[in-house]
Structures are given as C-alpha cells and as structure tokens.
Amino acid sequence: MKVLVTVKEVAEPDDDFAIEGTDIAEADLEYDLNEWDDYAVEAAVQLAEAGIADEVVAVTIGPERAEETIRMALAKGADRAVRVWDDAFEEGFSDVAAKVTTFEAVVEAEEPDLVLGGVQAADTGFGATGVALAERIGFEHAAVVNDLEVDADAGVARVHRELEGGVEELTDVDLPAVLTVQTGLNEPRYASLRGIRQAQRKEIDAKDLADLGLSAADVESALAITSMYEPESESDAEIIEGDAGEAAGRLAEVLREKGVSA
Amino acid sequence: MSDVLVVSEHRRGELRDVSYEAITAGRELADARGGDLRVAAIGGDVDGFAEDLNREGVDAVHAVANGEEFDHNVYQSAVGALLERTDAGTVVIPNSVNGLDYAPAVAEEHDLPLVTDAIGFEYDDGLTVTREMYGSKVETTVDVDGDRFVLTVRGGEWAPAEGVGDATVESVEVDHPESGARVTGFEEVAGGDVDISEADVLVSVGRGIEEEENLELVEELADALGATLSASRPIVDNGWLPKNRQVGQSGKVVTPDVYIAIGISGAVQHVAGMKGSDTIVAINTDPNAPIFDIADYGVVGDLFDVVPELIDEFA
Ligand SMILES: Cc1cc2nc3c(=O)[nH]c(=O)nc-3n(C[C@H](O)[C@H](O)[C@H](O)COP(=O)(O)OP(=O)(O)OC[C@H]3O[C@@H](n4cnc5c(N)ncnc54)[C@H](O)[C@@H]3O)c2cc1C
C-alpha cells in the first residue's frame, strides 16, 4: 500500500508584526511544518513501520524555502518527497480548487491507496483541501480523524471522527481514501539525528506546473485577499501594567473582588 | 440562481444552534441577491426539524428524508439535487466538523468557489467575506470571483433566526450513491471524575507552559485559589492532562465566574468553549495574542514570573 501525505509549510507571525499590503511583513513571519500535518506524517510513518504501507511519499506545494520543512517529513521517515512550485502560485492567494488541481496531478502520477493530510493549515485555516481532493479524484474521505486503524486486507480504514463537544463518530471508510488528520491522533516523533542525516540523501523531486502537465490557467484562483488588518478588540480589557510582582498584586485584588479565595 | 440554500445541521435528534445562525446569514445573503431563502433539513426527524427551521425569513424548507445521522454522501447528493431542482445558486453551510466533511466536496462537484469559516460578509456586486488568518491574529477580506459560491459560516457570529415563518415545506427523498463511509457508532469521550463545567473558578493552562513538569506551577495556583485546573487542547493532545480537562469546541463548554487563561493564545476553537465566562483573565507574553481581545483583565508577561507571585499573594 502506498501512502501520500500532503504537507504545508505554514507561516506564523512573530509576537510583534507589521501588516504590509494584504499580508504580514515577510520579516515578521517564521516558517514551520503545519502542526496538523506533523500528525499526518506520523500516521503514515507508523503505517510503514507496521508493514501496512510500503511507501510513504510527502508532497507539498511550496517555494524552495519549503524544502527545509519537507525535509523534516523525510527525517521522520517519509521515503521521498515531491515539491511543486510555479511562478503562477506567486500571483496571489491560491484557492482550494487550485491546490486540488495540483495534488490531483501528483495523485495521478503516484497512484496512492491512502492520502493523509492535516485537518487545516494553521495560517489560512481553510480546512477544505483534503475533502475537496477526495471528491476530485474519486476517493472516499473522512474529515477530522483522531483515531485510525487501517485494515489493508479488507480495504477499510476504521476511523474516529472527532465531532464537537467530546463526541466521536466511529466510521469505516473504504479505501482508497483521503483522511484529514486531527492533532492528538498520535505522538509525532522528533526527527532523530540519524533520520536527519538520512533525509539529506532522500530525493525531493521539484516540479513546476508544466512538469505536471498543467498551466497557470489551471490554478487560477477565484479568491483574492483584498485587505488585512488587526481585529478590533471586543472587550476593553484592563491591561495590568508593572513588573510581575505588581501585576500579581493587582490581579490578586481583582480576583478577591470577584470572590476568589481558597 | 439568486436563491440561497442553507443546510441545517443536527446531531442525535437535535438541531444544532448554528443552523439558526446560518439562517440569519442566509437571509442577509438572499436579501442582497434578491432571492428566496431555502433551508434543507437532511436526515433524521426531518418533519420535526422542518417545523423548527421555519423561522422568520425562511421561504422554503426542503425536508430530505434520507437516513438518520449525518452521512456526507447523502448531504452532498441532497445539496446537488436541490441546486438542480430549485433556483438556489449559492449554498451556506455551518463551519462545523460535519460541515467541513461535505462542503468542500459540494464546491468541488459543482465547480463553485469555496470560502470557509466566514465571520462576516458584504454583498454588493459580488461577495466579500471577512475571515481570520494566522490563528485569529488578523482579519482579512476575501473577494470571490463569480456570483455563485459555497460559504461556510462560523458558529456564534450571526444571531440565531427567531420567530415563525411562513415557509412552504417540501418532503423529498434523493438518490445517493452507496456510502463508502459507514458510521458504526458514537463514543462519548471526556467522561470521568471531574466536570470542569461545574467549576466556579478555572485555572486553565496552555502550550505556554512548555513542559509537563511545569504543570506543578499551575496546579499550585489552582490549589491556592481553590480553583479547578483545565487546559487547552495541546496539553491534552500531549497526554499531560486527561480529555475531561479540555476546554473548547471539541472539549467542554465552560461558563465559570472566573476563567484564568495562562499561556493560551485564544484560538477560535478554544474561545468557543469559554467565551461565556463571567470574568476572563489572561496571562500571556504576546501582547497580540487573540485571548486579550476577549479578556476582561490581561497581564502581558511571562507566566513563569507572574504565576509564582500570584501564588504568593494567596499563600
Ligand atoms: C477541529 C478543531 C477542534 C479544536 N478543538 C479545540 C478545543 O476543543 N480546545 C482547544 O483549546 N483547542 C482546540 N483546537 C486547537 C486550536 O486551534 C489551537 O491549536 C489550540 O487551542 C492552541 O492551544 P494554546 O493556546 O495552548 O497553544 P498556542 O496557540 O501555541 O498558544 C500558546 C500561547 O502561550 C503564550 N506563551 C508562551 N510562553 C509563555 C510564557 N512563558 N508566559 C506566558 N505566555 C506564554 C504564547 O504567546 C501563545 O499565545 C481545535 C482545532 C481544530 C482544527
């Protein structure tokens, strides 16, 4: 069985950041592997370790900088990686369909039995790519999976879907399938030194749209970000000033007023 | 194509609140587009749901009597059938775990642009959606190209629709492919000895605590204040505290007199579980942490400095 893991390098703003135009200033962003995708990578690697998956391929849509991130997936045990990038993606904000078109081409080339990705990307928070991809490529799917058992012989993934309010839905999903992985599914490993060394020798296949038989028109976005701003605060919080001791003193006063005491 | 279709959501026999909120959002959109508002109830007690969903401003309710619980294949097929049979051109869906299990497939199948997790919108010549990015640190406006689309709306952002409407109710059954995803049951997690939703004072700890050993510090504070300890999701994901301590969308909804958020950023799924607290106190090093937007009292500072001092105050 072959597992494809979609991973994204996400941007996280520094505590102090400036907005330039319709995004946060590049200098104020740090990049990392998306938290949810880390759990998806771990799930795939565990399937390989259990002898259920014979190959784990990580795929990302991202610029050269993202190689650092996708190498983390390799260091944790993915066998090889595909990185797709093209000037067309620099134009603006890619919508879900643009990403799905790109992943569809990769799926056609790789022919996986199972596609794993995170529930959402921490930066854009759309939470939609996996389910849309499943529809496009004719796979079954389940969103927000926090428990996974793959029965390859039966061709089923037995999953829990984490609903709201502490309720989980138990579902059997026919393979091939796309599953979106929720945090807590497993305990993502840290890359070992050996893993990091091995990752240096693993292949990252860089492709542009033409390599996938696509053109810029295929990934044209129906969405455009037209403004970005800091939200107005809903409360008029009293921000308690002073050093830790002074702040704690004032806080204690407030808490006592509210009737808090041991 | 000017009509708007809102898809309601229910679980285990109950309509969820976000259904009524989505009706309000849908009505706004229908007014702006000069169309009717149609609401779908899919699966379960659809006749009962249809009655409840007939709120002011609803023009038609489609009671789709397929199955009991949520099945994404049924939902997708039902929406497809209604888009075909009615004048609905756009779809509004709750931005819930189940909503996100079929809304992207609907958008993909019908080649419609998709915007998820809307917290507001304007509709003039076209749709402009307000949504957050970067863990609620910023808001953005997103323009949608084309006059048909699928929109998912965040819970708690629109007032629930009220009153009684004079909607026509239509009962239908739709054809759908045999499901390749079969629900076999439900499980309640988060049970156990402590019920954080009963506590008057919660000391709630987040990823800012860094290490499991450091939990001692907040335990000590909880003791000193006579409070109960709760947590954000990463603490529970890490196995440092049991699931019944988790506050938020997938954990417990709490409304204590005082909620003290320590090293918690205030992600939307966390806030969903505690915004109803009477008094919210936040301790966080990041002055831009979204938790300060809903806090009543904030300390911008290091929890490892502030919490020990606070313990001393109550010692
Ligand atoms: C479907 C779904 C359901 C979810 N359900 C839930 C849920 O039920 N509950 C929930 O909590 N989350 C939930 N989440 C996760 C949520 O999106 C966030 O990832 C999570 O709430 C973040 O937890 P946090 O605030 O502890 O961590 P972070 O966002 O990492 O924030 C840590 C904070 O600590 C601060 N900090 C760091 N060091 C210090 C220090 N020394 N002193 C003071 N402050 C410090 C940082 O500035 C930061 O603001 C869900 C997500 C999804 C997609």
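Fair warning: this is a prediction, and the values are worked out from it, not measured in the lab.

Draft legend 1. Fine view of the domain arrangement of chain B. Residue and element names in this part refer to chain B. Here chain B is described as being made up of domain 1 (3-172) and domain 2 (196-314). For domain 1 versus domain 2, the distance between C-alpha centres works out to 34 Å. In this assembly, 6 residues from domain 1 lie in contact with 7 residues from domain 2. When domain 1 packs against domain 2, the two sides together hide about 460 Å² of surface, and 51% of this comes from carbon and sulfur. A per-residue breakdown of the area domain 1 buries against domain 2 is headed by Ser136, Lys137 and Arg154, which together make up 68% of the total. Inspection of the region where domain 1 meets domain 2 yields 1 salt bridge. Here the side of domain 1 that touches domain 2 is built from residues that sort into 1 nonpolar, 3 polar and 2 charged.

Draft legend 2. Geometry of the sheet that holds strand 10 (residues 138-144) of chain B. Judged by pairing direction, the sheet is antiparallel, and its 4 strands sit side by side in the order 14(A)-10(B)-9(B)-8(B) without closing on themselves. Both edges of this open sheet fall to strand 14 (223-229) of chain A together with strand 8 (120-123) of chain B, since each of them pairs with a single strand only. Averaged over all adjacent pairs, the angle separating strand axes in this sheet is 25 degrees, with direction ignored. Alignment of strand 8 of chain B against strand 9 (residues 127-133) of chain B, held across 4 bridges, turns out to be antiparallel. Within strand 9 of chain B, the position partnered with B:Gly120 by the bridge is B:Thr130. Its contacts with the sheet place helix 1 (residues 17-33) of chain B against strand 8 and strand 9 of chain B, and it is angled at close to 10 degrees to strand 8 of chain B.

Draft legend 3. Seen up close, the site of the ligand. Around the ligand sit 28 residues, and of these B:Ser232, B:Ser250, B:Ser265, B:Gln269 and B:Asn284 come closest. The site occupied by the ligand is bordered by residues of chains A and B. For the ligand, an oxygen atom lies 2.8 Å from a polar atom in the backbone of B:Arg207. The contact in question runs from a nitrogen atom of the ligand to an N or O atom on the backbone of B:Val247, over 2.8 Å. Taking 990 Å² as the accessible area of the ligand by itself, protein coverage stands at 87%. Considering only residue class, the shell around the ligand consists of 7 nonpolar, 17 polar and 4 charged.

Draft legend 4. Local environment of the packing of helix 7 (residues 244-257) of chain A against helix 9 (residues 303-314) of chain B. It is at 8 Å that the axes of helix 7 of chain A and helix 9 of chain B come closest, and there the two elements cross at 50 degrees. One way to sum up the angle between helix 7 of chain A and helix 9 of chain B is to call them oblique. Considering only the axes of helix 7 of chain A and helix 9 of chain B, their crossing is right-handed. Contacts from A:Ala244, A:Gly245, A:Ala248, A:Gly249, A:Leu251, A:Ala252, A:Leu255 and A:Arg256 of helix 7 of chain A reach helix 9 of chain B at B:Asp305, B:Val306, B:Glu309, B:Leu310, B:Glu313 and B:Phe314.

Draft legend 5. Inspection of the pattern of salt bridges at higher detail. Residues and elements named next belong to chain A. Evaluated as defined, the whole model comprises 37 salt bridges over all chains. Close ionic contact of Glu49 with Arg189 constitutes a salt bridge, the shortest N to O distance being 2.7 Å. Of this pair, Glu49 sits in helix 1 (residues 35-49) while Arg189 is found in the loop between strand 12 (177-181) and helix 6 (193-201), placing the two residues 140 residues apart along the sequence. You can call Glu49 exposed: its relative accessible area is 54%. A relative accessible area of 25% means that Arg189 is categorised as partly exposed. Note that Glu104 is salt-bridged to Arg136, the shortest N-O span being 3.0 Å. Within this pair, whereas Glu104 is found in helix 4 (residues 96-110), its partner Arg136 is found in helix 5 (residues 129-137), the two being separated by 32 residues in sequence. Looking at Arg136, the relative accessible area reads 25%, which means it is partly exposed. The structure contains a network of salt bridges with shared partners spanning Lys2, Glu55, Arg80 and Glu110.

Draft legend 6. Spotlight on the pairing of strand 5 (residues 60-64) of chain B. Residue and element names in this part refer to chain B. Along strand 5, 5 of the 5 residues are buried, which leaves the element largely enclosed by surrounding structure. Alternating residues of strand 5 divide into Ala60, His62 and Val64 and Val61 and Ala63, and every residue in both groups is buried. Here 5 bridges tie strand 4 (residues 37-42) to strand 5, and the two strands are oriented parallel to one another. Bridging from a neighbouring strand, Ile42 pairs with Val64 of strand 5. Tracing the backbone out of strand 4, into helix 2 (residues 46-53) and back to the parallel element strand 5 gives a crossover that is right-handed.

Draft legend 7. Region of interest: the nonpolar core. In terms of nonpolar packing, the biggest core is built from 98 residues, with B:Ile23, B:Leu127, B:Val150 and B:Leu151 touching the most fellow members. Core analysis: the next-biggest nonpolar cluster, separate from the first, contains 37 residues, A:Ala252, A:Val260, B:Leu229 and B:Leu241 among them.

Reading the values: the criteria
Residues numbered from 1 in each chain as written. Chains lettered and ligands numbered in written order. Predicted model: local features only at pLDDT ≥ 70, side-chain atom pairs only at ≥ 80, totals over all residues. Heavy atoms only, no water. Domains from an automatic or database assignment. Contact = heavy atoms within 4.5 Å. Buried area = accessible area lost by both parts, 1.4 Å probe. Salt bridge = Lys/Arg side-chain N within 4 Å of Asp/Glu carboxyl O. Nonpolar A, V, L, I, M, F, W, Y, C, P; charged D, E, K, R; others polar. Pairing = 2+ DSSP bridges. Helix = DSSP H or I, 4+ residues; strand = E, 2+ residues; numbered from the N terminus. Axes fitted to C-alpha atoms, helices over the stretch in contact; angles between N-to-C directions. Near = heavy atom within 4 Å. Polar contact = N/O pair within 3.5 Å; in protein donor to acceptor, adjacent residues only side chain to side chain. Areas by Shrake-Rupley, 256 points an atom, 1.4 Å probe, with all protein chains shown as cover. Parallel < 35°, antiparallel > 145°, perpendicular 65-115°, else oblique. Left-handed = near helix turned anticlockwise from the far one by under 90°. Buried < 20%, exposed > 50% of the residue type's maximum accessible area, 1.4 Å probe, protein only. Right-handed = clockwise from strand over helix to strand, strands pointing away. Core = buried A, V, L, I, M, F, W, Y, C linked by side-chain atoms within 4.5 Å.

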